[in-house]
Amino acid sequence: MSEKETSPTILQFAPLNSSVDEGFWHSFSSLKLDKLGIDDSPIPITGFYGPCSHPQVSNHLTLLSESLPLDEQSSVASTSHGNRNKCPVPGILYNTNTLESFDKLDKQSLLKAEANKIWDDIQSGKALEDPAVLSRFLVISFADLKKWSFRYWFAFPALVLDPPASLVELKPASEYFSSEEAESVSAACNEWRNSDLTTDVPFFLVSVSSDSKASIRHLKDWEACQGDHHKLLFGFYDPCHLPNNPGWPLRNYLALIRARWSLETVWFFCYRESRGFADLNLSLVGQASVTLASGESAETVPNSVGWELNKGKRVPRSISLANSMDPTRLAVSAVDLNLKLMRWRALPSLDLNVLSSVKCLLLGAGTLGCQVARTLMGWGIRNITFVDYGKVAMSNPVRQSLYTFEDCVGGEFKAVAAVKSLKQIFPAMESSGVVMAIPMPGHPISSQEEDSVLADCKRLSELIESHDAVFLLTDTRESRWLPSLLCANANKIAINAALGFDSYMVMRHGAGPTSLSDDMQNLDMNKTNKQRLGCYFCNDVVAPQDSMTDRTLDQQCTVTRPGLAPIAGALAVELLVGVLQHPLGINAKGDNSSSSNGGNNDDSPLGILPHQIRSSVSQFSQITLLGQASNSCTACSETVISEYRERGNSFLLEAINHPTYLEDLTGLTELKKAANSFNLDWEDDDTDDEDVAVHM
Amino acid sequence: MNSGREVSDGRLTVEGFSVAARAFADKWKIHNQSFPPWSWVPLINRTLHLSNQQEEGYLSLEEILILSSLEESPEDESLNVATDCLEKEESVDHTILNQENEAHYYDFHIVYSSSYKVPVLYFRGYCSGGQPLSLDVIKKDLPSCSVSLLHESKWTFITQEEHPYLNRPWFKLHPCGTEDWIKLLSQSSISTGCQMPVDLYLVSWFSVVGQVVGLRIPLEMLN
């Protein structure tokens with residue numbers, strides 16, 4: 001009978017904790033998606049643990065990507081045996097295909113099955129050959145591979161001793177051993193830990209001879225150790241750091257010792273390290289008292305416990321890895337990174353937030369529309385609405401970069417196909433399409449059509465109101481009139497691009513006439529107009545009308561050199577970005593490419609901000625132009641805007657049905673009369689040829 | 001050892017990286033014992049030119065523990081018992097509330113970038129249960145001088161990109177400025193003129209880069 005303290009306490013163990021590396025879930029997801037499919041048979045896995053290495057934090061049993069059965073594709077050499085902090089431990093994973101089946105798993109019998117394996121290993125002697133099997137574990141999980149979230153629950157089966165073991169004493173190892181012994185024990189442990197052959201064997205014997213020499217032996221050498229020691233301790237790697245409690249692995253260790261060697265008194269050694277060396281202050285030595293099993297109960301499997309608690313509660317854990325696994329999120333962060341790099345490396349004053357929040361309306365989803373959309377995406381602009389009445393025709397896909405052959409065969413509407421295409425390119429796009437025709441002046445409508453045309457006008461007006469920038473990319477001149485008017489009215493940024501056969505024009509409209517504050521209404525119209533840049537129609541002396549007959553540059557032209565649309569579309573986007581980055585935005589002055597570099601570069605980090613760009617590819621030449629707003633403009637002049645505001649629909653109907661109405665309204669009619677009469681005079685007189693100031 | 005080889009343009013070849021990495025790891029082991037040593041992780045199945053014997057790989061320093069967010073909570077002796085429904089009352093079990101999820105672990109990898117021809121520092125943080133830490137949380141663990149260095153310096157910024165070998169997003173210090181400031185470092189190194197010996201490359205590089213992630217190296221390593 002060994003000495004006992006008067007009232008030994010029940011031996012209490014610190015539970016083992018799990019830690020699942022992100023890499024495990026990544027590898028498991030691949031395994032499930034590529035190989036397993038819906039197969040939910042249990043998967044043998046390997047866990048890893050090592051002795052505690054920090055006085056304030058316990059170690060865990062860890063799952064890594066190499067915990068799963070080996071795969072051929074890993075490009076990194078898998079962990080070989082002999083890693084001192086990764087003692088391999090066999091385990092098993094039950095992954096279910098639904099949350100319901102996860103909840104319905106019979107946890108008790110699963111635990112019992114694993115405990116049985118441990119018991120069998122103890123009985124058969126396998127546990128002596130490969131003691132790591134004493135720490136066998138179990139994991140149940142549900143992997144939601146649509147949401148990239150994982151629910152899991154570990155169990156560390158521990159055989160329950162009945163009656164429970166009691167603790168006679170427990171103290172730091174440095175207090176138990178003499179200093180000579182301690183030195184020898186440390187040295188022996190370090191040697192054990194430094195050898196590839198033994199470093200991952202987590203259970204061992206510590207034999208100390210009477211002349212204070214310690215040696216570490218394998219468990220299977222227990223018989224051989226009998227007799228030639230002064231002290232013999234059962235050592236094990238203890239992941240726990242606590243000074244008053246041994247770690248979980250001791251439980252099954254005691255069950256093994258009791259079953260194999262029938263000892264009633266067990267001296268155990270909780271081996272812990274710091275900084276990679278044995279730490280005998282942190283390590284513990286204790287004496288446990290075990291009641292031997294009698295007769296038949298020696299053969300029956302003990303009960304088992306061991307489901308891991310989650311913050312004290314008996315519930316599973318879960319982890320969401322959407323941020324690192326969801327491909328859409330990964331695409332978004334990659335695209336954002338690209339833009340940030342541009343800012344960091346080249347343009348620190350670039351405002352990326354304005355770009356990601358701007359809402360763009362594209363009127364026209366043809367050659368220009370497709371190109372503009374793609375370039376907008378390159379700038380990180382996510383919000384794009386298409387307006388187009390047409391369907392994808394067979395000749396379109398080669399020139400209109402968002403469409404494919406399938407779209408023609410399916411007879412898709414362009415506005416719809418374009419949206420789909422954007423989402424396929426970048427899933428995080430917020431894009432919608434509107435199938436609608438834009439009402440045009442000079443194309444008279446019957447009274448039956450009035451209601452629907454007015455409805456379209458209203459729709460267009462609402463679309464313009466709800467966006468920040470509007471691209472005019474339609475294929476006729478007159479279809480740009482109403483949008484120009486509405487943009488001027490709502491003071492929205494309007495970018496206009498038009499193609500001729502071998503030339504193009506890209507311009508930004510000036511601010512609307514009522515963008516100036518109310519007190520300025522008193523000022524002279526001429527003066528205030530000079531501050532506004534012109535729109536597409538400001539230079540015209542004729543109102544937009546039916547352009548079925550072939551006209552000159554930037555009027556109806558469906559035949560263009562293919563290189564022009566990408567160039568013009570891209571320039572249109574660069575112009576928009578220039579406006580958005582400029583502190584004055586829509587009110588920014590127009591620069592010419594010849595203007596001095598002096599003050600302008602401070603305003604916009606991107607360089608100059610022209611009003612108009614015109615180019616002829618037959619010359620490979622490009623010029624910038626500047627035009628002021630015209631008092632007599634049929635789209636953006638004060639006269640027209642206020643008339644629209646006052647009379648609304650009746651104004652629109654008149655303009656649509658009677659193109660001369662606009663000329664009369666704006667005084668263009670008068671102007672033409674004056675010009676004609678001036679010509680007559682000139683024939684008769686010899687007056688000096690003064691230039692008459694004509695509003696251009 | 002190609003100690004005679006020097007770097008004058010701020011960049012490293014892939015062989016130079018292997019050499020510099022070993023030199024760095026050795027010096028670290030000697031002079032920086034408050035940290036565990038770096039280990040070299042070789043890469044297999046790389047189908048690059050294998051004209052020389054140097055294997056490709058990267059340096060790894062893992063499971064660095066930061067306890068900054070850990071409150072000094074005493075072991076909570078709540079005797080909450082872990083029982084399975086049909087098991088007997090498990091009075092032997094003493095469920096001690098360990099400090100879960102309050103310890104942060106960090107892994108650092110030094111990887112060679114063949115497109116920039118410089119080393120790149122990759123890192124990630126995670127809690128004890130394995131959950132990855134976001135950049136905001138990581139920044140809280142960094143010493144304040146690191147955070148201000150991040151903000152002010154135009155050479156260092158953190159991006160999140162796919163780790164070249166592990167196929168998961170890691171944080172990294174973007175390498176696009178490295179070549180430039182290494183050149184500046186070598187120019188100011190008096191003893192070797194404008195050249196920097198290969199085996200000192202990573203040491204010099206890390207003396208700058210390490211500060212951003214709160215890892216300082218002792219001055220002795222620079223000799």
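Residues numbered from 1 in each chain as written. Chains lettered and ligands numbered in written order. Predicted model: local features only at pLDDT ≥ 70, side-chain atom pairs only at ≥ 80, totals over all residues. Heavy atoms only, no water.

## As for the overall build of chain A
Defined as follows: Note on conventions: DSSP H or I runs of at least 4 residues are helices, E runs of at least 2 residues are strands, and numbering of each starts at the N terminus. Think of it in three bands: residues with accessible area under 20% of the maximum for their type are buried, residues over 50% are exposed, and the middle band is partly exposed, with areas taken using a 1.4 Å probe on protein chains only. When checking whether two residues touch, look at their non-hydrogen atoms; a contact exists if any pair is within 4.5 Å. The method behind every accessible area is Shrake-Rupley, applied with a 1.4 Å probe, and residues are considered shielded solely by the protein chains displayed.
When helices and strands are tallied, chain A shows 23 helices and 25 strands. The buried share of chain A, reckoned over its 696 residues, is 52%. Partitioning the intrachain contacts of chain A with sequence separation of at least 6 by distance along the chain shows that 73% fall at a separation of at least 24. Carbon and sulfur atoms provide 50% of the accessible area of chain A, an area that totals close to 31300 Å².

## Remarks on the sheet that holds strand β5 (residues 118-127) of chain B
All names here are of chain B. Here is the rule we go by: Here, a strand pair is defined by DSSP locating no fewer than two bridges between the strands. In this analysis an axis means a line fitted to C-alpha atoms, helices contributing only their contacting stretch, and an angle means the value between N-to-C directions, from 0 to 180 degrees.
Taken in spatial order, the six strands of this open sheet run β2-β3-β4-β5-β7-β6, and their pairing is antiparallel. In this open sheet, the two strands that pair with only one neighbour each are β2 (39-42) and β6 (158-162). Across the sheet, the axes of successive neighbouring strands diverge by a mean angle of 35 degrees, strand direction being ignored. Strand direction decides the pairing type here: β5 and strand β7 (residues 169-173), joined by two bridges, are antiparallel. Bridging from a neighbouring strand, Phe123 pairs with Phe171 of β7.

## Focus: the packing of helix α15 (residues 447-465) of chain A against helix α21 (residues 649-657) of chain A
Residues and elements named next belong to chain A. Filter applied, for reference: The cut-offs work like this: below 35 degrees is roughly parallel, past 145 is roughly antiparallel, 65 to 115 is roughly perpendicular, and the gaps in between are oblique. Less than a right angle of anticlockwise turn of the near helix away from the far helix marks a crossing as left-handed, whereas a clockwise turn marks it as right-handed. When residues are grouped by polarity, Ala, Val, Leu, Ile, Met, Phe, Trp, Tyr, Cys and Pro land in nonpolar, Asp, Glu, Lys and Arg in charged, and all others, Gly among them, in polar.
Taken N-terminus to C-terminus, the directions of α15 and α21 make an angle of 110 degrees; their axes are 11 Å apart at the nearest point. Here α21 runs roughly perpendicular to α15, going by the angle between their axes. Taken as a pair, α15 and α21 cross one another with a handedness that is right-handed. Residues Glu450, Val453, Leu454 and Cys457 of α15 lie in contact with α21, whose contacting residues are Asn649, Leu652, Leu653 and Ile656. Residue composition of the contact of α15 with α21, by class: six nonpolar, one polar and one charged.

## Focus on the pairing of strand β11 (residues 231-237) of chain A
Residues and elements named next belong to chain A. Formally: Orient the strands so they point away from the viewer; a crossover is then right-handed if the path from the first strand over the helix to the second runs clockwise.
Among the seven residues in β11, seven count as buried, and that is most of the element. The two faces of β11 match: Lys231, Leu233, Gly235 and Tyr237 on one face and Leu232, Phe234 and Phe236 on the other face are all buried. In the sheet, strand β9 (residues 203-208) pairs with β11 via six bridges, with the strands oriented antiparallel. Along β11, the bridge assignment pairs Val208 with Lys231. Relative to strand β12 (residues 265-271), β11 runs parallel, the two being bridged by four bridges. By the bridge assignment, Phe234 is partnered in β12 with Phe268. In this region the chain leaves β11, passes through helix α8 (residues 249-261) and returns to the parallel neighbour β12; the handedness of that crossover is right-handed.

## Things to note about helix α3 (residues 107-124) of chain A
Residues and elements named next belong to chain A. Our working rule: Multiply 1.5 Å by the residue count of a helix minus one, and that product is the helix's expected span.
An ideal rise of 1.5 Å per residue puts 26 Å on 18 residues; α3 measures up with 26 Å between its terminal C-alpha atoms. Taken residue by residue, α3 has Leu110, Leu111, Glu114, Ala115, Ile118, Trp119, Asp121 and Ile122 as its buried positions. Contacts from the buried residues of α3 go to β5 (87-96), α4 (126-129), β6 (137-144), β7 (149-159), α8 and β16 (304-307). Where α3 ends, the next residue or the one after it, Gly125, has phi of about 95 degrees, a positive value.

## Examining a nonpolar patch on the surface
Formally: Patches were defined on residues exceeding 30% relative accessible area and lacking a salt bridge, with like-charge contacts within 9 Å and nonpolar side-chain contacts (Val, Leu, Ile, Met, Phe, Trp, Tyr) within 5 Å. Whenever Lys or Arg places a side-chain nitrogen within 4 Å of a carboxyl oxygen from Asp or Glu, that contact is recorded as a salt bridge.
On the surface, a nonpolar cluster with roughly 350 Å² of combined accessible area is contributed by Tyr389, Phe413, Val416 and Val435 of chain A. As for its position among the elements, Val435 of chain A is in the loop between β20 (430-434) and α15.

## What about the pattern of salt bridges?
Within the structure shown, the criterion is met by 22 salt bridges over all chains. For Glu273 of chain A, the salt bridge identified is with Arg84 of chain A, shortest N-O distance 3.0 Å. Of this pair, Glu273 of chain A sits in strand β13 (residues 273-274) while Arg84 of chain A is found in the loop between β4 (61-63) and β5, placing the two residues 189 residues apart along the sequence. Among the residues examined, Glu273 of chain A registers a relative accessible area of 2% and is labelled buried. Between Arg272 of chain A and Asp238 of chain A there is a salt bridge whose closest N-O contact spans 2.8 Å. Of this pair, Arg272 of chain A sits in the loop between β12 and β13 while Asp238 of chain A is found in the loop between β11 and α8, placing the two residues 34 residues apart along the sequence. For the pair Arg272 of chain A and Asp238 of chain A, one class covers both residues: buried. Shared partners join several salt bridges into a network, and the residues in it are Asp21 and Glu22 of chain A together with Asp107 and Arg124 of chain B.

## Examining the packing of aromatic side chains
Residue and element names in this part refer to chain A. Selection criterion: The aromatic pairing rule takes the rings of Phe, Tyr and Trp, using the six-membered ring of Trp, and pairs them if the centres are within 6.5 Å, calling planes under 30 degrees apart stacked, those over 60 edge-to-face and the rest tilted.
According to the stated counting rule, one finds 41 aromatic pairs over all chains in the structure shown. Summarising the aromatic geometry, the rings of Phe203 and Tyr253 are spaced 4.8 Å apart at their centres and angled 65 degrees between planes, so their arrangement reads as edge-to-face. Here the residue Phe203 occupies a position in strand β9, and Tyr253 occupies one in helix α8, the gap between them amounting to 50 residues. Given the relative accessible area of 0%, Phe203 is considered buried.

## Topic: the pairing of strand β3 (residues 57-66) of chain B
All names here are of chain B. Bridge count between β2 and β3: four bridges; the pairing is antiparallel. Bridge assignment links Pro42 to a residue of β3, and that residue is Gly57. The pairing of β3 with strand β4 (residues 104-113) spans six bridges and is antiparallel. Counted as the bridge partner of Leu59 is Ile110 from β4.

## A look at the confidence of the model for chain B
What counts, and what does not: Every residue gets a pLDDT, meaning the predictor's confidence in that residue, from 0 to 100.
Per-residue confidence for chain B averages 74 on the pLDDT scale, and 70% of its residues sit at or above 70. Interface predicted TM-score (ipTM) for the complex: 0.75; the corresponding pTM is 0.74.

## As for the sheet that holds strand β1 (residues 9-10) of chain A
Residues and elements named next belong to chain A. Read across the sheet, seven strands follow the order β1-β8-β15-β12-β11-β9-β10 without closing on themselves; strand pairing throughout is mixed. Looking at strand neighbours, the two that pair on one side only are β1 and β10 (214-217), the edges of this open sheet. Note that strand β8 (residues 166-172) and strand β15 (residues 284-289) share six bridges and pair antiparallel. Within the sheet, the bridge partner assigned to Ser166 lies in β15 and is Ser289. Relative to β10, helix α6 (residues 179-194) is tilted by about 35 degrees, and along the sheet it contacts β9, β10, β11 and β12.

## Points about unusual backbone geometry
In terms of backbone geometry, most residues other than glycine have negative phi values and most peptide bonds are trans. All names here are of chain A. In this structure, Ser212 takes a positive phi of about 65 degrees despite not being glycine. Structurally, Ser212 is set in the loop between β9 and β10. Residue class for Ser212 comes out buried when judged on its relative accessible area of 12%.

## Describing the packing of helix α16 (residues 481-490) of chain A against α21 of chain A
Residues and elements named next belong to chain A. Between α16 and α21, the shortest axis-to-axis distance is 12 Å and the interhelical angle comes to 150 degrees. Viewed along their axes, α16 and α21 adopt a mutual orientation that is roughly antiparallel. Crossing geometry of α16 relative to α21 is assigned as right-handed. Note on element contacts: α21 touches α16 through Phe651, Leu652 and Ala655, opposite Trp481, Leu482 and Leu485.

## What about the nonpolar core?
As a rule of thumb, nonpolar side chains are buried together in soluble globular proteins. Residues and elements named next belong to chain A. For clarity, the cut-off: By convention a nonpolar core is built from buried Ala, Val, Leu, Ile, Met, Phe, Trp, Tyr and Cys residues, the set being connected through side-chain atoms within 4.5 Å.
Counting residues in each nonpolar core, the largest one holds 88 residues, and the members touching the most others are Tyr253 and Phe269. Take this core: its biggest share by element is seven residues, from α8. Counting 57 residues, the second-largest nonpolar core is a separate cluster that includes Val358, Ala417, Leu422 and Leu609.

## Brief notes about helix α5 (residues 198-212) of chain B
Residue and element names in this part refer to chain B. Threshold: Bending is quantified residue by residue as the angle between axes fitted to the seven-residue window ending at that residue and the seven-residue window starting at it.
In a regular helix each residue adds 1.5 Å, so 15 residues correspond to 21 Å; α5 covers 23 Å between its end C-alpha atoms and thus fits that length. Approximately 35 degrees is the largest bend angle found in α5, and it occurs at Phe206. Among the 15 residues of α5, 12 are classified as buried, and the element is accordingly described as predominantly covered. Among the residues of α5, those classed as buried are Val198, Asp199, Tyr201, Leu202, Val203, Ser204, Trp205, Phe206, Ser207, Val209, Gly210 and Val212. Two residues or fewer past α5, Gly214 is found with a positive phi of approximately 80 degrees.

## Comments concerning the confidence of the model for chain A
Residues and elements named next belong to chain A. Put simply, chain A has an average pLDDT of 85, and 87% of its residues get 70 or more. Considering only residues more than four positions removed or in separate chains, one finds that residues 73-80, a stretch of pLDDT under 50, has 18 contacts. Counting interchain partners and residues more than four positions distant, the pLDDT-below-50 stretch residues 548-557 has 20 contacts.

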